[in-house]
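Here's the letter readout for the chains.
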Amino acid sequence: VQLQASGGGLVQAGGSLRLSCAASGRTYSNYIMGWFRQAPGKEREFLIAIKWSGGSTVYADSVKGRFTISRDIPKKTLYLQMNNLKPEDTAVYYCAGSFGLITSSMSDVEKYGYWGQGTQVTVSS
């Protein structure tokens, strides 16, 4: 599975962005996809993940109410809608994929074996 993330850019605080992640290759019913981010000097941080089949989600507390994950199954594309962006949201955002994770593991960065190239999001104050 190959992942291609896009949609990053520069936005003012309070603004919105939608990131996309196109998956190529076969996605099985137990496929999991997630969004992570990494700010300079910090570890990669889990944001949101979704089960490809069924659509159940896991959110990090830091983004609940502001970020939403969705997927378009026929297009094999994952989305991250980010609203009310803050300067501390500035980071490189990555999409990632895995197979067969249980819900409690969906936030574990080490469980994901497929990664997109990352897209920069910069939020100005």
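A few points on the structure. The structure displayed is predicted, hence computed values, not measured ones.

**Some remarks on the state of the cysteines**
Throughout this description, disulfide means a covalent bond between two cysteine sulfur atoms. Taken as a whole and assessed by the stated rule, the structure comprises 1 disulfide. A sulfur-sulfur separation of 2.1 Å characterises the disulfide bridge that pairs cysteine 21 with cysteine 95. Across the S-S bond of cysteine 21 and cysteine 95 the torsion is about 65 degrees, and the bridge reads as right-handed. One end of the pair, cysteine 21, is in strand 3 (residues 17-24); the other, cysteine 95, is in strand 9 (residues 91-99), with 74 residues separating them in the sequence. Note on cysteine 21: relative accessible area 0%, which makes it buried.

**Description of the pairing of strand 9**
For strand 9, the tally of buried residues reaches 7 of 9 residues, placing the bulk of the element in the interior. Here 8 bridges tie strand 4 (residues 31-38) to strand 9, and the two strands are oriented antiparallel to one another. Across the sheet, residue methionine 33 finds its bridge partner in strand 9, namely glycine 97. In terms of strand pairing, strand 9 meets strand 11 (residues 119-124) through 3 bridges, oriented antiparallel. Paired with valine 92 across the bridge in strand 11 is glutamine 120. In the sheet, strand 9 pairs with strand 10 (residues 114-115) via 2 bridges, with the strands oriented antiparallel. Within strand 10, the position partnered with alanine 96 by the bridge is tryptophan 115.

**Some details on the sheet that holds strand 3**
In spatial order, the strands read 1-3-8-7; together these 4 strands make up an open sheet with antiparallel pairing. On the outer flanks of this sheet lie strand 1 (2-6) and strand 7 (67-72), each paired with one strand and no other. Sheet twist, expressed as the mean angle between neighbouring strand axes with direction ignored, is 20 degrees. In this structure, strand 1 lies alongside strand 3, joined through 5 bridges in antiparallel fashion. What sits directly across from serine 6, in strand 3, is serine 20.

Analysis parameters
Residues numbered from 1 in each chain as written. Predicted model: local features only at pLDDT ≥ 70, side-chain atom pairs only at ≥ 80, totals over all residues. Heavy atoms only, no water. Disulfide = S-S within 2.5 Å. Helix = DSSP H or I, 4+ residues; strand = E, 2+ residues; numbered from the N terminus. Buried < 20%, exposed > 50% of the residue type's maximum accessible area, 1.4 Å probe, protein only. Pairing = 2+ DSSP bridges. Axes fitted to C-alpha atoms, helices over the stretch in contact; angles between N-to-C directions.

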